[in-house]
Amino acid sequence: MNDTGALDTHLQELRRGTVVLACLQLLRTAEYGYKLLEELAVRGFAVDANTLYPLLRRLEKQGFLTSEWNTEEARPRKFYHTSSDGMRLADTLTNEWLALTSVIAALTTEEI
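1. Quick notes on the packing of aromatic side chains
Consideration 1: Taken as a whole and judged by the stated rule, the model has one aromatic pair.
Consideration 2: Here the aromatic rings of Y32 and F79 are separated by 5.4 Å at their centres, their planes lie at 65°, and the arrangement is edge-to-face. Of this pair, Y32 sits in strand β1 (residues 31-32) while F79 sits in strand β3 (residues 77-82), placing them 47 residues apart in sequence.
Consideration 3: Over the ring of Y32 we find R77, and its NZ or CZ is 4.2 Å from the ring centre.

2. A short note on the pairing of β3
Consideration 1: As paired strands, β1 and β3 are joined by two bridges and run antiparallel to one another. When the bridges of β3 are listed, E31 appears paired with Y80.
Consideration 2: Pairing analysis gives six bridges linking strand β2 (residues 65-70) to β3, with the strands arranged antiparallel. Bridging across to β3, T66 finds its partner in H81.
Consideration 3: The hairpin formed by β2 and β3 contains six residues between the paired strands.

3. Here we look at a nonpolar patch on the surface
Consideration 1: Side chains of L7, L11 and L14 sit close together on the surface and give an oily, nonpolar patch of about 260 Å² of accessible area.
Consideration 2: By secondary structure assignment, the location of L7 is in helix α1 (residues 4-26).
Consideration 3: You can call L7 partly exposed: its relative accessible area is 33%.

4. Structural notes on the sheet that holds β1
Consideration 1: Strand order across the open sheet formed by three strands is β1-β3-β2, with antiparallel pairing between neighbours. Each edge of the open sheet is held by one strand with a lone partner, namely β1 and β2.
Consideration 2: Lying over the sheet, helix α3 (residues 49-61) contacts β2 and β3, oriented at roughly 115° with respect to β2.

Cut-offs used in this document
- Residues numbered from 1 in each chain as written.
- Predicted model: local features only at pLDDT ≥ 70, side-chain atom pairs only at ≥ 80, totals over all residues.
- Heavy atoms only, no water.
- Phe/Tyr/Trp six-rings, centres within 6.5 Å; stacked < 30°, edge-to-face > 60°.
- Helix = DSSP H or I, 4+ residues; strand = E, 2+ residues; numbered from the N terminus.
- Lys NZ or Arg CZ within 6 Å of the ring centre and 35° of its normal.
- Pairing = 2+ DSSP bridges.
- Patch = residues over 30% accessible without salt bridge, like charges linked within 9 Å, V, L, I, M, F, W, Y side chains within 5 Å.
- Areas by Shrake-Rupley, 256 points an atom, 1.4 Å probe, with all protein chains shown as cover.
- Salt bridge = Lys/Arg side-chain N within 4 Å of Asp/Glu carboxyl O.
- Buried < 20%, exposed > 50% of the residue type's maximum accessible area, 1.4 Å probe, protein only.
- Contact = heavy atoms within 4.5 Å.
- Axes fitted to C-alpha atoms, helices over the stretch in contact; angles between N-to-C directions.

Scope: geometric values only; no functional claims are made or implied.
Structure (structure tokens):
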């Protein structure tokens, strides 16, 4: 594969939908954005802050996340939590992901 730009584009496309699912799953326990960035990185999802924060706002606007400001500490933080609609979406996406990975696994082991 000589074109690393094309590879990067395809890898980005592959990860784009999975980061939504990862966020919905991880935010079943409320967390603030920077901590979520760290948690995603630890689990193998290297996500840029410029990607994550708009995603969180979009998911909240769509009703899949809720948020609440914590002003008890020196630095106010906005905590996000997966809503009940978000949990249903996460379950649906997880089932679809498992079905797709099963199909891909079968395709990669199939003799042609």
